[in-house]
Amino acid sequence: MEYKISAREAFNKYSDMVYRLAVARVKNKYDADDILQDVFLRFIKSKSKINNEEHAKALLIKITINCSKSLLTSSWFKRTEPLSEGISVCDESRETLDAVLRLPLKYRTVIHLHYYCGYSVDEIAKILSTKPSTVKSQLYRAREKLKPMLKGDELNV
């Protein structure tokens, strides 16, 4: 049985998650706004059969990762200098957010998917098309990189 979700329902339910992941990956709220629009346009045009709610969520995460990867590898992005701006993301502590945003992209992605979206290591591995052991080591390395940035505080991501 195919799960039916309208574009409006998907946007209302998952837009915050998509936006936060885009910000975590591109470190710029303006580019994240563009990615958010592009993700939902691709979702609407998608011919993928969605089996359940988790499948819809995973599809949106995969599209978000692909859109941000496309932006980050574009020649336009490589030749531009971002405006210095503050990124305001709800209730996360500013220090923790700044530390996470200073991590390399692969670590920011797994941290975001694990701590912000609540995915398990196996689910992240499936979404990123990688091995669970790779995700575990990336999470471990990300935590190790965050510790000195957060001055030894507990990771409250």
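Details of the structure are given in the entry above.
### Concerning the packing of aromatic side chains
Each aromatic ring pair is specified by the distance between its two centres and by the angle formed by the two planes. In the structure shown here, the tally under the stated rule is two aromatic pairs. A centroid spacing of 5.1 Å and a plane angle of 70° characterise the contact between Phe11 and Phe40, whose relative ring orientation is edge-to-face. One end of the pair, Phe11, is in helix H1 (residues 7-26); the other, Phe40, is in helix H2 (residues 29-45), and 29 residues separate them in sequence.

### Topic: the environment of Arg141
Within the secondary structure layout, Arg141 lies in helix H8 (residues 132-149). With a relative accessible area of 44%, Arg141 lands in the partly exposed category. Considering only alpha carbons, one finds Arg141 and Tyr107, 34 residues apart in sequence, at a separation of 7.7 Å.

### Digging into the nonpolar core
With 42 residues, the main nonpolar core has Val39, Phe40, Phe43, Leu60, Ile61 and Leu113 as its most contacted residues. Contributions of two or more residues to this core are made by H1, H2, helix H3 (53-73), helix H5 (94-102), helix H6 (105-116), helix H7 (121-128) and H8. In this structure Leu113 touches Leu21, Ile61, Ile65, Gly118, Tyr119, Ile124 and Leu128, once residues within four positions along its chain are discounted.

### Let's talk about the side chain of Arg108
Structurally, the position occupied by Arg108 is in helix H6. The buried charged residue Arg108 lacks any salt bridge partner; its closest oppositely charged side chain belongs to Asp31, at an N-O distance of 11 Å. Residues in contact with Arg108, not counting those within four places in the same chain, are Ala24, Arg25, Val26, Lys27, Val100, Leu101 and Leu103.

### Description of unusual backbone geometry
Positioned with a positive phi, Lys27 is a non-glycine residue whose angle comes to about 60°. With respect to the helices and strands, the residue Lys27 is situated in the loop between H1 and H2. For Ser129, which is not glycine, the phi torsion reads 55° and is therefore positive. Considering the arrangement of structural elements, one finds Ser129 in the loop between H7 and H8.

What counts and how
Residues numbered from 1 in each chain as written. Predicted model: local features only at pLDDT ≥ 70, side-chain atom pairs only at ≥ 80, totals over all residues. Heavy atoms only, no water. Phe/Tyr/Trp six-rings, centres within 6.5 Å; stacked < 30°, edge-to-face > 60°. Helix = DSSP H or I, 4+ residues; strand = E, 2+ residues; numbered from the N terminus. Buried < 20%, exposed > 50% of the residue type's maximum accessible area, 1.4 Å probe, protein only. Core = buried A, V, L, I, M, F, W, Y, C linked by side-chain atoms within 4.5 Å. Contact = heavy atoms within 4.5 Å. Lys, Arg positive; Asp, Glu negative; His and termini not counted. Salt bridge = Lys/Arg side-chain N within 4 Å of Asp/Glu carboxyl O.

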